[in-house]
Amino acid sequence: MWYVSTRGMAPRIDFEEALFSGYAPDGGLYMPEELPQLGRETLHEWSTLSYPSLVKELCSLFIGPELIPRDDLNDLIDRAFSRFRHREVVHLSRLRNGLNVLELWHGVTYAFKDLSLCCTAQFLQYFLEKRKRHITVVVGTSGDTGSAAIESVQGAKNVDIIVLLPKGHCTKIQELQMTTVLRENVHVFGVEGNSDELDEPIKTVFADMAFVKKHNLMSLNSINWSRVLVQIAHHFFAYFRCAPSLDMHPLPPVEVVVPTGAAGNLAAGCIAQKMGLPIHLVVAVNSNDIIHRTVQWGDFSLSKAVKPTLASAMDIQVPYNMERIFWLLSSSDSQVIRALMEQFERTKSVSLPKELHSKLLEAVTSQSVSDEAITQTMGRCWQENQYLLCPHSAVAVSCHYQQVDRQQPSPPRCCLAPASAAKFPEAVRAARLTVDTPAEILALEHKEARCTPMRKGDDWTRMLRDTIEDLSQQWQRRFLNLPA
């Protein structure tokens, strides 16, 4: 299995190289050169598998046994999911009025990113130990990525992690989950800016290829192919749990509602579709609606500013995984994608070519959900089911309720739930509800925190480069047993 850049100007690489890469050298994102096609027989065989077994099957299609032998792959994935609180790892709650909620949040940080990041971290450490290498991971976060990335690598001897969080733009719990991990290999910066602004110094650093190579830098944002790969399993699991029967001809469709910011989970769904899974995708966003405008009108353009919402982890202006989706739907036409994305980077505004827009409309429908609709949905779901949604899950469930209220016939529907309500007490209070906060989240308040400020007016890029250089020197001293 080879991986190519969506922009077509970078050499093809294998899974190990894609795992350790962020953006491709030409600015694109890595995608499999070809997608495996799954027939009815394979889908039938997979339909009874547990979530971890599905992840194993999917990963084995995209990671050659010459890189990770199948037994090793199985062990790595078992290890990745060993800290999850639910025995199924991922759990489907079947509620009233045909509401199916797929709980993706039973990992250590109570968010769906634990699923892909714990697997990605296992793959990284497997190769690092084999190659006797060290890496520095740099992560920009809007809330959940940072804590899940930290938990996945904290204490790892071959990995340092630097996280930039947007001070005051994520919830107190999200911030504490990052700043209270006082491990030697964890370095957290609190940036006076939003999540798009803090991405700028990271992008600048990664654009310096010589620097990236010298210091073995990589990203764990959802630009990393490995994260998207694991997320493909969410869609297969949702389909198998919600499809009425796999004995029907043709196979019955299932609608999967995907709440998203950067479109990683949506890209995973589009890949699952292309592999032969009969799902229809509904993408649900908050008031930061660039994805909704792109689907509806082909308008891929930035708004004037990020709007703070109750679904704060989705307060994103630049959904970089849309590039993967455009590439998939344009039949891998990297020339078209390169021109499109370079124009977007220059002007912050692109109208999709007509053909690409109509393909997007075939694959995906979309909704934008206001804060008012989020709190109403949380209230209604509690009233009907005594079931508490996080604000991001409510973005998805709001789409379900709209369909139910229209009383139109539709296929079975599964709403992806990316986080536990316990992480968002402010949103729960805004919906006039209360949440039972787990003991490990309450304990965060009393832990010592460590966070270096990046203030407006500071040279954020210089601070980031200096930190990376210091960590490289420390690793070299440790590796060569030199005195500090």
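Bear in mind that the values here come from a model prediction, so they are computed numbers and not experimental data.

Q: Could you give an account of the UniProt feature "domain: Threonine synthase N-terminal" (unreviewed entry) in the chain, naming the residues involved and the relevant values?
A: According to UniProt, the feature "domain: Threonine synthase N-terminal" (unreviewed entry) maps to residues 3-81 in the numbering used here. Here residues 3-81 runs as 44% helix and 8% strand, with 26 Å between its end C-alpha atoms.

Q: Explain the packing of aromatic side chains to me, and be specific about the residues and the numbers.
A: Tallying each qualifying case throughout the model produces 14 aromatic pairs. Joined through ring pairs, the aromatic side chains of Tyr-3, Phe-15, Phe-62, Phe-123 and Trp-225 make up one cluster. One residue, Arg-85, lies across the ring of Tyr-110, its end atom 3.6 Å from the ring centre. Sitting above the plane of the Phe-20 ring, Arg-133 keeps its charged end 4.7 Å from the centroid.

Q: Run through unusual backbone geometry, naming residues and quoting values.
A: Residue Pro-250 follows His-249 across a cis peptide bond; omega there is -10 degrees. Take Pro-250: it is sitting in the loop between helix 10 (225-242) and strand 9 (254-259). Despite not being glycine, Ser-332 shows a phi value in the positive range, around 60 degrees. Note on placement: Ser-332 falls in the loop between helix 13 (322-329) and helix 14 (334-347).

Q: So what's going on with the UniProt feature "modified residue: N6-(pyridoxal phosphate)lysine" (unreviewed entry) in the chain? Residues and values would help.
A: The UniProt feature table records "modified residue: N6-(pyridoxal phosphate)lysine" (unreviewed entry) at Lys-113. By secondary structure assignment, the location of Lys-113 is in helix 5 (residues 113-131). The contacts of Lys-113, once residues within four sequence positions are left out, are Asp-144, Thr-145, Ala-148 and Arg-227.

Cut-offs and rules
Residues numbered from 1 in each chain as written. Predicted model: local features only at pLDDT ≥ 70, side-chain atom pairs only at ≥ 80, totals over all residues. Heavy atoms only, no water. UniProt positions renumbered as here; feature names shortened; annotations may be inferred. Helix = DSSP H or I, 4+ residues; strand = E, 2+ residues; numbered from the N terminus. Phe/Tyr/Trp six-rings, centres within 6.5 Å; stacked < 30°, edge-to-face > 60°. Lys NZ or Arg CZ within 6 Å of the ring centre and 35° of its normal. Contact = heavy atoms within 4.5 Å.

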